[in-house]
Amino acid sequence: GIQVEQSPPDLILQEGANSTLRCNFSDSVNNLQWFHQNPWGQLINLFYIPSGTKQNGRLSATTVATERYSLLYISSSQTTDSGVYFCAVVKAGSEKLVFGKGTKLTVNP
Amino acid sequence: DTAVSQTPKYLVTQMGNDKSIKCEQNLGHDTMYWYKQDSKKFLKIMFSYNNKELIINETVPNRFSPKSPDKAHLNLHINSLELGDSAVYFCASSQLQGIGGYTFGSGTRLTVV
């Protein structure tokens, strides 16, 4: 099946810092999403981004489908950004959303 | 108005019991899913239903049985619960092949003691 690799696995930042999270995938995809799992366990959809660039406030994401990677940018990080960020993809022709192992982000005050 | 709702949020039960988790979506999506998140936070698909028909059945013990009475509901019944079944179970829904993205419920934390 398709492989989804996220880096880094762990990231610790001071409040106000910027960061870039990366997601590499091993095959063509129809769907790519970034999720934030907050400390209460909720999975929040950040972006549906099979290709191109999107921005939502301090967060933005870029997917380069031809090169099989996606980036999530977090600017001016806040303590509420802490949690685990997951990248998930659907291989072309499949129905399955396959998750990476996540990046655990800790933002310290 | 919650898009994908699961009940209960927490479930603590003894080994050997049978339990059910319910899921409902009001997004008009055709496809619904069950995912399991283990203690290492890894999320893996268990089942998928499209318009009441089972389309994905991963390698899951047959003690787990999904049921979809209509395309807005997907329930998960677990027989003879084991300690290893302790996990967070997420329901999700999407249009066919995930076009437009998947929406997840808030999860059910199952603890088997």
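Here is a short report on the structure shown in this document. (Residues numbered from 1 in each chain as written. Chains lettered and ligands numbered in written order. Predicted model: local features only at pLDDT ≥ 70, side-chain atom pairs only at ≥ 80, totals over all residues. Heavy atoms only, no water.)

**Digging into the overall build of chain A**
Helix and strand content of chain A: zero helices and 11 strands. Secondary structure elements of chain A occur, N-terminal to C-terminal, as β-β-β-β-β-β-β-β-β-β-β. In summary, chain A has a C-alpha radius of gyration of 13 Å against a globular reference of 13 Å for 109 residues, a match within 12%. Referenced to the eigenvectors of the C-alpha coordinate spread, the extents of chain A come out at roughly 45 × 25 × 20 Å. Counting over 109 residues, chain A shows a buried share of 50%. A sequence separation of at least 24 residues applies to 56% of the contacts in chain A between residues at least 6 apart. Taken as a whole, chain A presents about 5100 Å² of accessible surface, with 48% of it coming from carbon and sulfur. Between the centroid of the 8 positive side chains of chain A and the centroid of its 7 negative side chains there is a distance of 4 Å. (Helix = DSSP H or I, 4+ residues; strand = E, 2+ residues; numbered from the N terminus. Rg over C-alpha atoms; globule rule 2.2 N^0.38 Å. Buried < 20%, exposed > 50% of the residue type's maximum accessible area, 1.4 Å probe, protein only. Contact = heavy atoms within 4.5 Å. Areas by Shrake-Rupley, 256 points an atom, 1.4 Å probe, with all protein chains shown as cover. Lys, Arg positive; Asp, Glu negative; His and termini not counted. Charge placed at Lys NZ, Arg CZ, Asp CG, Glu CD.)

**Quick word on the sheet that holds strand β3 (residues 19–25) of chain B**
Residue and element names in this part refer to chain B. The four strands lie next to each other as β1-β3-β8-β7, forming an open sheet whose pairing is antiparallel. In this open sheet, the two strands that pair with only one neighbour each are β1 (4–7) and β7 (64–70). In this sheet, adjacent strand axes meet at a mean angle of 20° when their direction is disregarded. The pairing of β1 with β3 spans four bridges and is classified as antiparallel. Following the sheet pairing, Ser-5 is matched in β3 by Glu-24. (Pairing = 2+ DSSP bridges. Axes fitted to C-alpha atoms, helices over the stretch in contact; angles between N-to-C directions.)

**A few points about the interface of chain A and chain B**
Every contact between the two is made by 19 residues of chain A and, on the other side, 20 residues of chain B. Here chain A and chain B share an interface that buries about 1700 Å² over both sides, 57% of which is from carbon and sulfur atoms. Across the chain A-chain B interface, the total number found is one salt bridge. Notably, a salt bridge pairs A:Lys96 with B:Glu58, separated by 3.1 Å at the nearest N-O pair. The tally of links between chain A and chain B comes to seven residue pairs in polar contact (both at pLDDT 80 or more). The set of elements that each furnish at least two residues to the side of chain A that touches chain B consists of β4 (29–37), β5 (43–48), β9 (83–91) and β10 (97–99) of chain A. Residue contributions to the side of chain A that touches chain B peak at five residues, all from β4(A). When its residues are assigned to classes, the side of chain A that touches chain B shows seven nonpolar, nine polar and three charged. (Buried area = accessible area lost by both parts, 1.4 Å probe. Salt bridge = Lys/Arg side-chain N within 4 Å of Asp/Glu carboxyl O. Polar contact = N/O pair within 3.5 Å; in protein donor to acceptor, adjacent residues only side chain to side chain. Nonpolar A, V, L, I, M, F, W, Y, C, P; charged D, E, K, R; others polar.)

**Some points on the side chain of A:Gln33**
Looking at where A:Gln33 falls in the secondary structure, it is placed in strand β4. A relative accessible area of 0% means that A:Gln33 is categorised as buried. Within polar-contact distance, the side chain of A:Gln33 engages the side chain of A:Asn45 at 2.9 Å. Engagement of the side chain of A:Gln33 in a polar contact is seen with the backbone nitrogen of B:Tyr102, the distance being 2.7 Å.

**Some points on the environment of B:Ile55**
By the element assignment, B:Ile55 lies in strand β6 (residues 53–57). Classification of B:Ile55 by relative accessible area gives partly exposed; the value is 35%. Sequence separation between B:Ile55 and B:Thr31 is 24 residues; the distance between their C-alpha atoms is 9.3 Å. Those residues in contact with B:Ile55 that sit more than four places away from it in its chain are A:Glu95, B:Thr31, B:Ser48, B:Tyr49 and B:Asn50.

**Things to note about the sheet that holds strand β6 (residues 52–56) of chain A**
Residues and elements named next belong to chain A. Read across the open sheet, the five strands follow the order β1-β3-β8-β7-β6; overall the sheet is antiparallel. Whereas interior strands pair on both sides, the edge strands pair on one side only; in this sheet they are β1 (4–7) and β6. Adjacent strand axes in the sheet meet at a mean angle of 15° when their direction is disregarded. As paired strands, strand β7 (residues 59–64) and strand β8 (residues 69–74) are joined by six bridges and run antiparallel to one another. For Thr-63, the partnering residue across the bridge sits in β8 and is Ser-70.

**Focus on the state of the cysteines**
Taken as a whole and assessed by the stated rule, the structure comprises two disulfides over all chains. Shown here is the disulfide that connects A:Cys23 with A:Cys87, its sulfur atoms set 2.0 Å apart. With the S-S bond torsion at -60°, the cross-link from A:Cys23 to A:Cys87 turns out left-handed. Of the two residues, A:Cys23 is situated in strand β3 (residues 19–25) and A:Cys87 in strand β9; the sequence distance between them amounts to 64 residues. Overall, A:Cys87 belongs to the buried group, its relative accessible area being 0%. Here B:Cys23 connects covalently by a disulfide to B:Cys91, the sulfurs 1.8 Å from one another. (Disulfide = S-S within 2.5 Å.)

Take it as geometry only, folks, not as evidence of what the structure does.
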